Amino acid sequence: KVEFIEERQIGPTLGQESINQGLLSCLIGLILLLLFGVLYYRLAGIFSFITLVYNLILLMMFMALMRATLTLPGIAGMVLTIGMAIDSSILIYEKIKESLKDGMSISASIDDGFSDAMWVILDSNITTFIVAAVLFYFGTGPIQGFAVTMMLGILTTLITGLFFLKSLFKFYIRIFNVQKLSI
């Protein structure tokens, strides 16, 4: 005779609840990154946050074009994208700060920061993209969803980090004739 020790029912609300919690964690992460960026990098931190939001919008747009469904593994890929995007900004900002300390002009420091950090950013993102491609090839279902989100996130991070962020800086120093960079 079978004796039931415990019985659980899983309905569709559990999946929706998990997705809502994942999105809430993304939102909390974004708020914490905004606070950290503003406190540590001042105006440049705001630029990073704007770039990060643009990155996520671009990622969602690419996912919509591919008709990809946002699942919990996809949200995990988005969280990883956020971390990699912030890492790119930090590498660029630290190089800009070094160049400013060496006495370079603001415009030259920005150019130097982006050109020097670009190779490190490309190297780390290309190797991560290769890993995601392997995950996609050998994985199934949720792992492939994570891999797709991660690969798209890497592409959007490169676009926003290396081009959009630099454009923000160039626009800002040209329009406001900046003599001292808040970084």
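Whatever comes next refers back to the structure up there.
Residues numbered from 1 in each chain as written. Predicted model: local features only at pLDDT ≥ 70, side-chain atom pairs only at ≥ 80, totals over all residues. Heavy atoms only, no water.

### A short note on the pattern of salt bridges
Our working definition: By definition, a salt bridge exists where a carboxyl oxygen of Asp or Glu is found within 4 Å of a side-chain nitrogen of Lys or Arg. Segments assigned H or I by DSSP are reported as helices when at least four residues long, segments assigned E as strands when at least two residues long, and all are numbered from the N terminus. Using a 1.4 Å probe on the protein chains alone, a residue whose accessible area is under 20% of its type maximum counts as buried, one over 50% counts as exposed, and one in between counts as partly exposed.
What the rule picks out here adds up to six salt bridges. Between Lys 97 and Glu 94 there is a salt bridge whose closest N-O contact spans 3.7 Å. Taken together, the residues span about one helical turn, with Lys 97 and Glu 94 both in helix H3 (residues 72-101) at a distance of three residues. With relative accessibility at 30%, the residue Glu 94 sits in the partly exposed group.

### So, the packing of aromatic side chains
The description of an aromatic ring pair rests on the distance of the ring centres and on the angle between the ring planes. Counted only if it meets this: Within 6.5 Å between ring centres, the rings of Phe, Tyr and Trp (the latter by its six-membered ring) count as paired, and their orientation is classed by plane angle as stacked under 30 degrees, edge-to-face over 60, tilted in between.
Counted by the stated rule, this structure contains 11 aromatic pairs. Relative to Phe 164, the ring of Tyr 54 lies with its centre 4.4 Å away and its plane at 25°, an arrangement referred to as stacked. In this pair, Tyr 54 is assigned in helix H2 (residues 43-65) and Phe 164 in helix H5 (residues 141-175), connecting sequence segments 110 residues apart. Under the relative-accessibility criterion, Tyr 54 is labelled partly exposed at 33%. A relative accessible area of 25% means that Phe 164 is categorised as partly exposed. Seen from their ring centres, Phe 114 and Phe 169 are 6.3 Å apart, and the 70° between their planes marks the pair as edge-to-face. With Phe 114 in helix H4 (residues 106-138) and Phe 169 in helix H5, the pair connects residues that are 55 residues apart, well separated along the chain. Taking relative accessible area as the criterion, Phe 114 reaches 3% and is therefore assigned buried. According to the relative accessible area criterion, Phe 169 is buried, its value standing at 1%.

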